[in-house]
Amino acid sequence: MPAPAAPRVSVVVPAKDAADVVADALVSLTRQGLAPGELQVVLVDDGSSDGTGEVAAAFAPRLPGLTVVRHDRALGLASARNSGLAHATGRYVTYLDADDWLAPGHLAHLAGALDALRCSFVRTDHTTVEGRERVLRRAPEARRDVVLDPRGSILPSEHSTMVDYPYAWAGMYDRALATDGLLTFPDGLHTAEDRPWVWRLHLHAHAYAVVDSPGVRYRRGSATSLTQVVDSRQLHVVPAFERVVGLVAADREADRWWPKVARTVVAVGSHHLRRAGRMTPSDRRALRVGVGRLVRSLPQDVVAAELERADDERRRLVRRAVRAAREGEVAA
Amino acid sequence: MTQLVLASTLFAAAGAAAAVDAGLLGRPQERVLLVSNAAPVPELAPALDEIPGCGPVLARFDRVVHLADLLGGLHPHVWSPRDTDLPVLERLLRTVWGLGEGPVELVVESPTVNPAAWLARVLRSAPLTVHSDGLMAYGPWRREPALHARQRLRALVHLDLVPGLQPVTTRELGFEARAVPAEPFLGLLDEMAQEARPRWWPDDEVPTALLVGQYLAALELLSAAEEAELHARMVRRAAAAGARRVVLKPHPSAPPGLLAPVRAAADREGIELVVVDDPLPAEVALVAHPPALVVGCFSTATATARTLLGLPTEAVGTELLLQRLEAGNSNRVPVAIVHAWARGLAGDRLQEVVDAVAYGMQPRRLAAWRERAVRTLTSVPDDERGLYVPRERLTELALPGARGRPPHERRRWRRAARRALLSVVQPLVRGAVTRWRGSGHAARVAALARGAS
């Protein structure tokens, strides 16, 4: 008997204690306009204790090819996605968070776009949903349905661009990118794991497109989402951006990108420092020193220019962090 | 005249289609069905024209257009255009929906709720007919329609689920009620059953009860645990009535967690449980394979089963619901009707109770109904009074069954009491202060006088 054809699309769904919402994600996956056998769903049960895995497994009749990967211990979103990717066999791969869902036909539309445009990956808009309030969030690239150079969507630094739209779930990717490690998330990172991921895609992939999809995907607003919680996981923003700095430093056009990196580091760093009042004192100190070291690792003329145009509060927070880093070095 | 009929569920569209067959929706040149998907998460539920079995319903219309094509990911209950944009929108809608330049007539479900509300604002002079599919047809609207809508209300078309019962809205606002008789509706359900052939209904002699789920936890009336227990009670009631099998049709939005307690209850009773995941309205199955019993809370399916099909029905949980529902919640009338039916009320008596419930829900708009409500509530046992109209509302309105004085009277009493107390106490206090001061007072006055000169 001939081996079954590989699926067209694999969807990696990392899920931790999502038993009350994951059914919505999975129901939406049954309505994607793909024939049976074209879709592979890889649900990664990341150490759930509420029966998430069982809820997912019950969808097997409706989602042929459903694979449930179980981590007995929670490893975090980045590692869960990597784990799922390792089990993916589809030509194209994408991600869906357990508390989100897709509109009907979305995956078929993105797969069709990749077929037609023959680029490495596509990105899309999304809609945030809070209760019944729905707001369309556009990917910050207005050129649609045409093949673009990913490096052409990194600048300018003064505005939000595609490297500021780092959501892995807002697109679809040729699985061949995985062989170059371009789809791997930094293991063990619990915050901002998608920043180095999106930077690496835009620096190293060759062609991409932003497509309008009639089935724009939906993101549920949630009080427990990581953007609201403040704890020591926030510290991972430092190693996440250290990777971004490393990626840019190794790039042949680093000088083009430094202003953008400086802008992002100042913005994200001061955002976390502003909220650090809710952290423990030692975490707060570690965050300050970390951000300071990050800023000091950037070309200082670029940093100076960025701080000049930054607002007073950001300038104050960043300068204090830089001082803390310098003192930390002296002490050590 | 082009007639635009808005429907958000297959059941509602079927009701409208039956009204067409009954000649209750006129003879427009063109009848267009406007499909809206009003599920809490529209992306997860099929639109009414995607459900197998919808063919006969769609056949009563010349064309079908979809609101989702216009709104995209925006929720139909939430989006609403600004007033300044209405004329622009009218031109655009006439073009995109092919409504032409001539007069348009609107047939909508709830005229005070979007999208019907903004459609009525856009098509500013369109005569308005309301079609209402369930027991909610008999109750008052939560909000009064805007004047421009009130002025063109033509008729309320509703399924004759409670023969003889007059809807509240038509009497409140002075427009016509048109009840759709059973035959055209049953005939339509039959056609739908022929097309859909619901295969999940077991085809044997085992006495089977249909349990109709509602997902009340979503309305925040019950906790998930209470809802699960309610469903378990339905199973026990079915078993007690002699069913050896129950078919549960959970509400499409109900979470998976609902099923475990139901299964457990069925196991304990030693009866078989069949769970059906079919978006087709339960009523179609009732026509195709009438069960021995229908058990629900206040689902329209129980009313359809009872009135239109003459099937035995049982209501579970109406007392709990009446205790939990806010005084003005629109679900109050459906629950009250089912509750009253279970207590043997019918005919004029049922009308009196429904009107009293309505008065409790909208005491200002229905002020003229107060006297009758008082008479009705006087004749109802006290514990039942507190169910039909919540105790706080009875008290607030000084109706029979009130506990103590109404709040505004209590405030007045407190003020009056305070005044009375002060009028006694103040003179006593003043007198004491005067005497206390008096000894030094004259001396101080004298000293001042010396100082002044």
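Residue numbers run consecutively from 1 along every chain, following the written order of its sequence. Whichever chain is written first is A, and whichever ligand is written first is 1; the rest continue in order. Reporting of local features is limited, given that this is a predicted model, to residues whose pLDDT is at least 70; pairs of side-chain atoms are given and counted only at 80 or more, and all residues count toward the totals for whole chains, interfaces and linings. Based on all heavy atoms of the structure, the side-chain values leave hydrogens and waters out of the count.

To continue, consider the layout of surface pockets. Both site types are read off a 1 Å grid over the protein atoms alone. A 1.4 Å probe that fits but cannot get out defines a cavity, while an open set with protein on both sides within 12 Å along at least five of seven lines defines a pocket; lining residues have an atom within 4 Å of a point. Grid points are joined across faces, edges and corners, and a volume is the space filled by probe spheres set on the points. Quantified by volume, the second largest pocket comes out at close to 770 Å³. Pro214 and Tyr218 of chain A together with Ala68, Gly72 and Gly73 of chain B are the residues nearest the centre of the second largest pocket, which is lined by 35 residues in total. The element contributing the most residues to the lining of the second largest pocket is helix 3 (residues 67-71) of chain B, with 4 residues. Here the nonpolar group is Ala, Val, Leu, Ile, Met, Phe, Trp, Tyr, Cys and Pro; Asp, Glu, Lys and Arg are the charged ones; every other residue, Gly included, is treated as polar. For the lining of the second largest pocket, the residue count by class is 16 nonpolar, 11 polar and 8 charged. Numbering goes from the N terminus for both helices and strands, where a helix is a DSSP run of H or I of at least four residues and a strand is a run of E of at least two.

This part takes up a positive patch on the surface. Residue and element names in this part refer to chain B. Each patch is built from residues that are more than 30% exposed by relative accessible area and take part in no salt bridge. Like charges join if they lie within 9 Å; nonpolar side chains (Val, Leu, Ile, Met, Phe, Trp, Tyr) join within 5 Å. For accessible areas, the Shrake-Rupley method is used with a probe of radius 1.4 Å. Any residue's cover is judged against the shown protein chains and nothing else. The term salt bridge refers to a pairing of a side-chain nitrogen on Lys or Arg with a carboxyl oxygen on Asp or Glu at a separation within 4 Å. In this tally, Lys and Arg are treated as positive and Asp and Glu as negative; His is ignored, and so are the chain termini. By convention, the point assigned to a charge is CZ for Arg, NZ for Lys, CD for Glu and CG for Asp. A surface patch of like charges, here positive, comprises Arg410, Arg411, Arg412, Arg414, Arg415, Arg418 and Arg419. If you trace the backbone, arginine 419 turns up in helix 19 (residues 407-452). Per-residue accessibility, obtained with a 1.4 Å probe over protein chains only, is compared with the maximum for each type, and a residue is labelled buried under 20%, exposed over 50%, and partly exposed between these values. On the basis of relative accessibility, which here comes to 56%, the residue arginine 419 falls in the exposed class.

Grouped together as the largest cluster of nonpolar side chains are 85 residues, with contacts concentrated most on Val57, Val162, Leu211, Leu321 and Ile337 of chain B. Here this core takes 9 residues from helix 1 (residues 10-21) of chain B, the largest share from any one element. Any two residues whose heavy atoms approach within 4.5 Å are treated as being in contact. Contacts of leucine 211 of chain B, omitting those with residues within four sequence positions, involve His231, Met234, Val235, Ala238, Val246, Val247, Leu248, Lys249 and Val295 of chain B. The nonpolar core is taken to be a set of buried Ala, Val, Leu, Ile, Met, Phe, Trp, Tyr and Cys residues, with the residues joined through side-chain atoms within 4.5 Å. The next biggest cluster of nonpolar side chains, apart from the first, holds 68 residues, and it includes Ala139, Val268, Leu273 and Val322 of chain A.

All right, on to the domain arrangement of chain B then. An automatic or database domain assignment supplies the residue ranges for each domain. For chain B, the assigned domains read domain 1 (2-189), domain 2 (198-311), domain 3 (321-396) and domain 4 (405-435). Summarising the inter-unit geometry, the C-alpha centres of domain 3 of chain B and domain 4 of chain B are found 39 Å apart.

Right, let's talk about empty space enclosed by the protein for a bit. Residue and element names in this part refer to chain B. Within this structure, the stated rule accounts for 3 cavities of 30 Å³ or more. Each pocket or cavity is described by its volume, and for the largest cavity that value is around 50 Å³. Lining the largest cavity are Ala12, Gly15, Ala16, His131, Ser132, Asp133, Val157, His158, Leu159 and Val180. Each residue belonging to the lining of the largest cavity can be placed in one class, and the counts come to 5 nonpolar, 4 polar and 1 charged.

This part is about the side chain of threonine 191 of chain A. Residues and elements named next belong to chain A. Here threonine 191 is to be found in the loop between strand 8 (171-174) and helix 5 (194-204). Judged by its relative accessible area of 10%, threonine 191 falls in the buried class. Among the polar contacts made by the side chain of threonine 191, one reaches the main-chain carbonyl oxygen of arginine 233 at a distance of 2.8 Å. Pairs of N or O atoms within 3.5 Å make up the polar contacts considered here, provided that, within protein, one atom can donate a hydrogen while the other can accept it, and that residues adjacent in sequence are counted only when both atoms are side-chain atoms.

With that out of the way, let us pick up the environment of valine 55 of chain A. Residue and element names in this part refer to chain A. Looking at where valine 55 falls in the secondary structure, it is placed in helix 2 (residues 52-57). Spatially, the C-alpha atoms of valine 55 and valine 21 are 9.8 Å apart, while their sequence positions differ by 34 residues. Setting aside chain neighbours within four positions, we find valine 55 in contact with Ala19 and Val22.

Looking now at the interface of chain A and chain B. At the junction of the two partners, chain A supplies 14 residues and chain B supplies 15 residues. Computed with a 1.4 Å rolling probe, the buried area is the accessible surface lost when two parts are put together, summed over both parts. Taken over both partners, the interface formed by chain A and chain B buries close to 1200 Å², and the fraction arising from carbon and sulfur atoms is 56%. The largest per-residue losses of area from chain A upon contact with chain B belong to Arg31, Arg132 and Arg134 of chain A, which jointly make up 53% of the total buried on that side. Seen at the junction of chain A and chain B, the total is 2 salt bridges. Linking arginine 134 of chain A and glutamate 43 of chain B is a salt bridge whose minimum nitrogen-to-oxygen distance equals 2.8 Å. Counting the contacts that link chain A with chain B gives 6 residue pairs in polar contact (both at pLDDT 80 or more). Only helix 1 (22-29) and strand 7 (133-137) of chain A provide two or more residues apiece to the side of chain A that touches chain B. The element that contributes the greatest number of residues to the side of chain A that touches chain B is helix 1 of chain A, accounting for 4 residues. The residue inventory of the side of chain A that touches chain B, partitioned by class, reads 7 nonpolar, 1 polar and 6 charged.

Looking now at the domain arrangement of chain A. When the parts come together, some accessible area is lost, and that loss is often what is quoted as the size of the interface. All names here are of chain A. In terms of domains, chain A is made up of domain 1 (9-219) and domain 2 (232-331). A C-alpha centroid distance of 29 Å is found between domain 1 and domain 2. Counting residues at the interface gives 23 residues for domain 1, matched by 23 residues for domain 2. Both sides of the domain 1 and domain 2 interface together cover about 1900 Å² of buried area, and 67% of this is carbon and sulfur. Ranking the residues of domain 1 by area buried against domain 2 places Arg151, Thr191 and Trp199 at the top, with a combined share of 32%. In this assembly, domain 1 and domain 2 are joined by 3 salt bridges. The partner of aspartate 164 in a salt bridge is lysine 260, and the shortest N-O contact between them spans 2.6 Å. At the boundary of domain 1 with domain 2, the tally comes to 11 residue pairs in polar contact (both at pLDDT 80 or more). Residues belonging to the side of domain 1 that touches domain 2 are distributed by class as follows: 10 nonpolar, 8 polar and 5 charged.

As a further point, take the packing of aromatic side chains. Residues and elements named next belong to chain A. Centres within 6.5 Å are what make two rings of Phe, Tyr or Trp a pair, Trp counting through its six-membered ring; a difference in plane orientation under 30 degrees is then read as stacked, over 60 as edge-to-face, and the rest as tilted. By the definition in use, this model includes 12 aromatic pairs over all chains. Pairing phenylalanine 121 with tyrosine 173 gives two aromatic rings, centres 6.1 Å apart and planes at 25°, and the pair type is stacked. In this pair, phenylalanine 121 is assigned in strand 5 (residues 121-123) and tyrosine 173 in strand 8, connecting sequence segments 52 residues apart. For phenylalanine 121, a relative accessible area of 0% gives the class buried. Owing to a relative accessible area of 0%, tyrosine 173 belongs among the buried residues under this scheme. An aromatic cluster is built from Tyr95, Phe121, Tyr173, Phe185, Trp197 and Tyr208, whose rings are joined through pairwise contacts.

Another point: the packing of helix 9 (residues 224-240) of chain B against helix 10 (residues 259-269) of chain B. Residue and element names in this part refer to chain B. The convention used is that axes are lines fitted to C-alpha atoms, helices contributing only their stretch in contact, and that angles between N-to-C directions extend from 0 to 180 degrees. Running from amino to carboxyl end, helix 9 crosses helix 10 at an angle of 25°, the nearest separation of the two axes being 8 Å. Taken together, helix 9 and helix 10 sit at an angle that is classed as roughly parallel. Our pair here, helix 9 against helix 10, has a crossing hand that is right-handed. On helix 10, the residues that touch Ala228, His231, Ala232, Val235, Arg236 and Ala239 of helix 9 are Pro261, Val262, Ala265, Ala266, Arg268 and Glu269. Its residues assigned to classes, the contact of helix 9 with helix 10 comprises 8 nonpolar, 1 polar and 3 charged. Every angle not falling under 35 degrees, over 145, or within 65 to 115 is termed oblique; those three ranges are roughly parallel, roughly antiparallel and roughly perpendicular. In this scheme, a crossing is called left-handed if the near helix is turned counterclockwise away from the far one by less than a right angle; it is called right-handed if the turn is clockwise.

What follows is about the sheet that holds strand 4 (residues 104-108) of chain B. All names here are of chain B. A pair of strands is labelled paired if DSSP reports no fewer than 2 bridges between them. One open sheet holds the 7 strands; their spatial order is 3-2-1-4-5-6-7, and the pairing between them is parallel. Edge positions in the sheet fall to strand 3 (63-66) and strand 7 (176-180), since each of these pairs with one other strand and no more. Along the sheet, successive strands turn relative to each other by an average axial angle of 25°, direction set aside. Looking at chain direction, strand 2 (residues 30-35) and strand 3 are connected through 4 bridges and run parallel. By the bridge assignment for strand 3, valine 35 is matched with histidine 66.

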